[in-house]
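Below are the chains, spelled out letter by letter.
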Amino acid sequence: MPVNETFKPTIVAFCCNWCSYAGADLSGTNRLQYPANVKIIRIPCSCRLNPMFILRAFQRGADGVILCGCHPGDCHYTTGNYYARRRMTLLFSLLDYMGIERGRTRVEWVSAAEGAKFAATMNDFTETIIKLGPNRRLEDLRCKTE
Amino acid sequence: MQDRVMEKAAALLESGVCTRVLGWKTGEFFYDVTPAVFTSAEEVRTQMVYNPFCGPNLSKYLIAESRKEGKIAVFLKPCDTFSFVQLQKEHRIARDKVYAVGVQCDGMIDMDSLKALGLRGVTAAREVGDNLIVSTLYGEKTVPRREALSLRCRVCKSKRLNDCDEIIGEQGGDLPSDRFAQVEALEAMTPEERFAFWRSELSKCIRCNACRNVCPACSCEKCVFDNPGSGVRNKAAADSFEENLFHIIRAFHVAGRCTDCGECSRVCPQGIPLHLLNRKLIKDMNQLYGPYQAGADFDSKPPMLAFTPEDPEASIITNGRDGQ
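Everything numeric in this text was worked out from a predicted model, so none of it was measured.

Visitor: Whenever I open this one, the overall build of chain B confuses me. Can you help?
Guide: Scanning chain B from terminus to terminus reveals 13 helices and 9 strands. Here the C-alpha radius of gyration of chain B, 21 Å, is about what a compact globule of 324 residues would show, namely 20 Å. The C-alpha extent of chain B, read off along each of the three principal axes, is 60 × 50 × 40 Å. Within chain B, buried positions represent 39% of all 324 residues. Look at the contacts in chain B between residues 6 or more apart in sequence, and 64% of them connect residues 24 or more apart.

Laid out in structure tokens, this is it:
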């Protein structure tokens with residue numbers, strides 16, 4: 001698919017309340033730029049992310065989904081992100097097995113002090129998604145607005 | 001074997017060890033064997049069968065049956081006993097209300113394999129040694145038994161009978177099996193080919209929910225797909241997204257609990273190779289988190305309920321495990 005210059009992807013970022021959400025806040029207060037197409041959804045812990053949420057996001061028009069949580073070992077609930085890591089690894093592998101582009105999903109650990117990393121991650125992820133183009137393989141035609 | 005199983009069932013009922021027996025009986029066609037509960041020795045002698053078409057895994061029925069009054073005897077093939085142990089691990093079966101009889105299994109035969117051998121109008125099949133004598137409308141034919149085996153039995157992982165009170169026939173052991181060969185073949189394809197493969201398979205899905213209903217691991221009393229708020233409780237998938245979503249979530253919900261019994265593919269009226277999704281998850285878990293066989297024992301910890309701080313990051317998938 002040719003890269004569409006006017007393509008504005010929709011990106012959903014699930015951020016854990018304790019680290020990444022605060023990291024996003026910090027990147028805002030530090031006036032770091034990251035694309036406005038990133039929609040942040042706050043979740044209590046990265047392991048709250050049900051695989052269904054990711055598929056739902058794709059259904060409702062997301063072109064990329066990223067999960068941000070505390071660094072392994074730093075989880076507010078001690079072990080949540082370890083479980084999330086196993087789940088997401090398996091889910092991404094299954095999506096890849098079914099032919100969904102690998103780059104559309106990502107997990108990144110962002111602490112509350114890493115505002116710069118948050119902005120850099122979002123910039124990089126948005127670029128990847130723009131290169132991949134619109135989500136076609138996991139879209140739901142009934143949810144198309146145009 | 002048929003006689004020994006039937007006699008055992010009748011004896012258990014007559015001696016009062018149990019009040020009911022869970023076994024198999026012939027359905028509408030001779031090859032269409034269906035699970036059944038027998039309450040008298042008379043019923044057992046007239047209806048019960050144990051033949052090479054006894055594919056159905058009986059473990060799941062024990063969830064409901066072991067909650068009823070009285071003890072139930074059940075006949076389990078080796079792969080069924082894996083589900084039996086797994087369900088006990090999840091505290092779904094009241095073990096003291098079950099009398100488990102393990103039955104030696106030489107692999108089950110299915111109609112698809114007979115059809116693949118070019119046999120049409122099959123009316124009966126009987127085993128003679130290593131051969132199968134198949135009666136058809138066009139006369140009798142002899143085929144080697146192993147060529148008539150169902151696909152899942154050709155890659156049998158184990159003949160071991162787990163946690164049985166009694167065994168008919170011989171206790172077996174784990175077998176070397178190349179059950180992941182098909183998964184590897186799919187992994188070797190390009191993403192476009194894989195997508196096309198799954199689209200052509202999953203688009204056949206009629207959302208009959210048979211795969212969910214038969215699966216011994218899928219035993220939640222309230223299923224996410226029955227939730228009116230889920231948007232996918234409809235009987236027919238509305239578009240490709242719902243087909244994908246249903247099958248991804250179905251496979252994911254049994255990750256680490258699937259014993260790879262192959263029932264999902266056996267019951268699929270559309271012939272979708274659903275076990276390939278579950279097997280992929282099993283293969284990944286074995287590779288990433290160490291070998292694990294669900295239902296093999298009572299003590300090991302399922303990989304999705306455990307972690308180590310050294311687990312690989314999800315980026316090994318998203319960046320490409322093999323640098324692609």
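Visitor: What am I meant to see in the sheet that holds strand β2 (residues 38–43) of chain A here?
Guide: Within a sheet, neighbouring strands are paired by backbone hydrogen bonds and run either parallel or antiparallel to one another. Residue and element names in this part refer to chain A. Spatially, β2-β1-β3-β4 is the arrangement adopted by the 4 strands of the open sheet, whose pairing is parallel. The open sheet has two edge strands, β2 and β4 (105–109), and neither has a second partner. The mean inter-strand angle of the sheet, taken between neighbouring strand axes irrespective of direction, is 20 degrees. By the bridge criterion, 6 bridges tie strand β1 (residues 11–16) to β2 in an arrangement that is parallel. Bridging across to β2, Ala13 finds its partner in Ile40. Against the sheet, helix α2 (residues 51–59) engages β1, β3 (64–69) and β4, with an angle of about 145 degrees to β3. Lying on the sheet, helix α3 (residues 80–97) is in contact with β3 and β4; it crosses β4 at an angle near 160 degrees.

Visitor: Would you take a moment to explain the pairing of β3(A) for this structure?
Guide: Successive residues of a regular strand alternate their side chains across the two faces of the sheet. Residues and elements named next belong to chain A. Here β3 lies mainly inside the structure; 6 of its 6 residues are buried. Residues Gly64, Ile66 and Cys68 line one face of β3 and the alternating positions Val65, Leu67 and Gly69 line the opposite face, and both faces are buried. Two strands pair when backbone bridges link them, and β1 and β3 are joined in this way by 5 bridges, in the parallel orientation. By the bridge assignment, Cys15 is partnered in β3 with Cys68.

Visitor: So what exactly am I meant to see when it comes to the pairing of strand β6 (residues 122–128) of chain B here?
Guide: Two elements, β6(B) and strand β7 (residues 131–136) of chain B, share 6 bridges in a ladder whose sense is antiparallel. The residue of β7(B) that forms the bridge with B:Val122 is B:Thr136.

Visitor: Would you mind showing me how to read unusual backbone geometry here?
Guide: When glycine is set aside, most residues are seen to have a negative phi, and most peptide bonds are trans. Backbone geometry at A:Thr78 places phi at a positive 75 degrees, although glycine is not the residue there. Here A:Thr78 shows up in the loop between β3 and α3. By the C-beta count within 10 Å, which is 9 here, A:Thr78 ends up exposed. The residue B:Asp163 is not glycine, and still its phi comes out positive at about 50 degrees. Assignment of secondary structure puts B:Asp163 in the loop between α6 (151–154) and β9 (166–168).

Visitor: Any chance you could explain the packing of helix α1 (residues 20–29) of chain A against helix α4 (residues 115–132) of chain A here in plain terms?
Guide: Helix-helix packing is described using two parameters, namely the angle between the two axes and the distance between the axes. All names here are of chain A. Running from N to C, α1 and α4 point in directions that differ by 90 degrees, and their axes come no closer than 7 Å. With respect to each other, α1 and α4 are oriented roughly perpendicular. On the side of α1, the interface is formed by Ser20, Gly23, Ala24, Leu26 and Ser27, while α4 contributes Gly115, Ala116, Phe118 and Ala119. Grouping the amino acids of the contact of α1 with α4 by side-chain chemistry returns 5 nonpolar, 4 polar and no charged.

Visitor: How do you make sense of the interface of chain B and chain A when you look at a structure like this?
Guide: Frequently, the measure chosen for interface size is the accessible area that the parts lose on association. Chain B puts 34 residues into the contact, and the matching count from chain A is 34 residues. Counting only elements with at least two residues in the side of chain B that touches chain A, the list comes to α7 (181–187), α8 (191–202), α10 (240–253), α12 (275–289) and α13 (315–318) of chain B. The element contributing the most residues to the side of chain B that touches chain A is α10(B), with 7 residues.

Visitor: How should the domain arrangement of chain B be read in this particular structure?
Guide: Partitioning chain B into structural domains gives domain 1 (2–110 + 157–168), domain 2 (111–149) and domain 3 (181–318). Once you take the C-alpha centre of each, domain 2 of chain B and domain 3 of chain B turn out to be 32 Å apart.

Visitor: I'm lost on the nonpolar core in this one. Help?
Guide: Among soluble globular proteins, nonpolar side chains are generally buried collectively. If you look at the biggest cluster of nonpolar residues, it comprises 127 residues, and the most contacted ones within it are A:Ala13, A:Cys16, A:Leu94, B:Ala9, B:Val21, B:Ala73 and B:Val74. Element by element, the count of residues in this core is highest for α3(A), at 8 residues. Ignoring sequence-local partners within four residues, the contact set of B:Val74 consists of B:Leu22, B:Leu58, B:Leu62, B:Val98, B:Ala100 and B:Val101.

Visitor: Explain the sheet that holds strand β8 (residues 139–144) of chain B here, please?
Guide: All names here are of chain B. One open sheet holds the 3 strands; their spatial order is β6-β7-β8, and the pairing between them is antiparallel. Of all the strands in the sheet, the pair left with one neighbour each is β6 and β8. Recorded for the sheet is a direction-independent mean angle of 25 degrees between the axes of neighbouring strands.

Visitor: I'm lost on the environment of B:Glu28 in this one. Help?
Guide: All names here are of chain B. On the secondary structure map, Glu28 appears in the loop between β1 (20–26) and β2 (33–38). Given 7 C-beta atoms within a 10 Å radius, Glu28 is considered exposed. Through-space distance from the C-alpha of Glu28 to that of Lys68 is 28 Å; in sequence the pair is 40 residues apart.

Visitor: For this particular structure, what's the right way to read the environment of B:Glu201?
Guide: Residue and element names in this part refer to chain B. Tracing the backbone through its elements, the reader meets Glu201 in helix α8. Between the C-alpha atom of Glu201 and that of Gln270, which follows or precedes it by 69 residues, the distance is 8.8 Å. Residue contacts for Glu201: discarding those within four places in its chain leaves Ile272 and Pro273.

Visitor: Any chance you could explain the confidence of the model for chain B here in plain terms?
Guide: Atom-level detail of predicted coordinates should not be read off regions where pLDDT is low. Taken as a whole, chain B shows an average pLDDT of 90; of its residues, 97% reach a score of 70 or greater. ipTM for the predicted complex: 0.90, alongside a pTM of 0.91.

Procedures and definitions
- Residues numbered from 1 in each chain as written.
- Chains lettered and ligands numbered in written order.
- Predicted model: local features only at pLDDT ≥ 70, side-chain atom pairs only at ≥ 80, totals over all residues.
- Helix = DSSP H or I, 4+ residues; strand = E, 2+ residues; numbered from the N terminus.
- Rg over C-alpha atoms; globule rule 2.2 N^0.38 Å.
- Buried ≥ 20, exposed ≤ 12 C-beta atoms within 10 Å, placed from the backbone.
- Contact = placed C-beta atoms within 7 Å.
- Pairing = 2+ DSSP bridges.
- Axes fitted to C-alpha atoms, helices over the stretch in contact; angles between N-to-C directions.
- Parallel < 35°, antiparallel > 145°, perpendicular 65-115°, else oblique.
- Nonpolar A, V, L, I, M, F, W, Y, C, P; charged D, E, K, R; others polar.
- Domains from an automatic or database assignment.
- Core = buried A, V, L, I, M, F, W, Y, C linked by C-beta atoms within 7 Å.
- pLDDT = per-residue confidence, 0-100.

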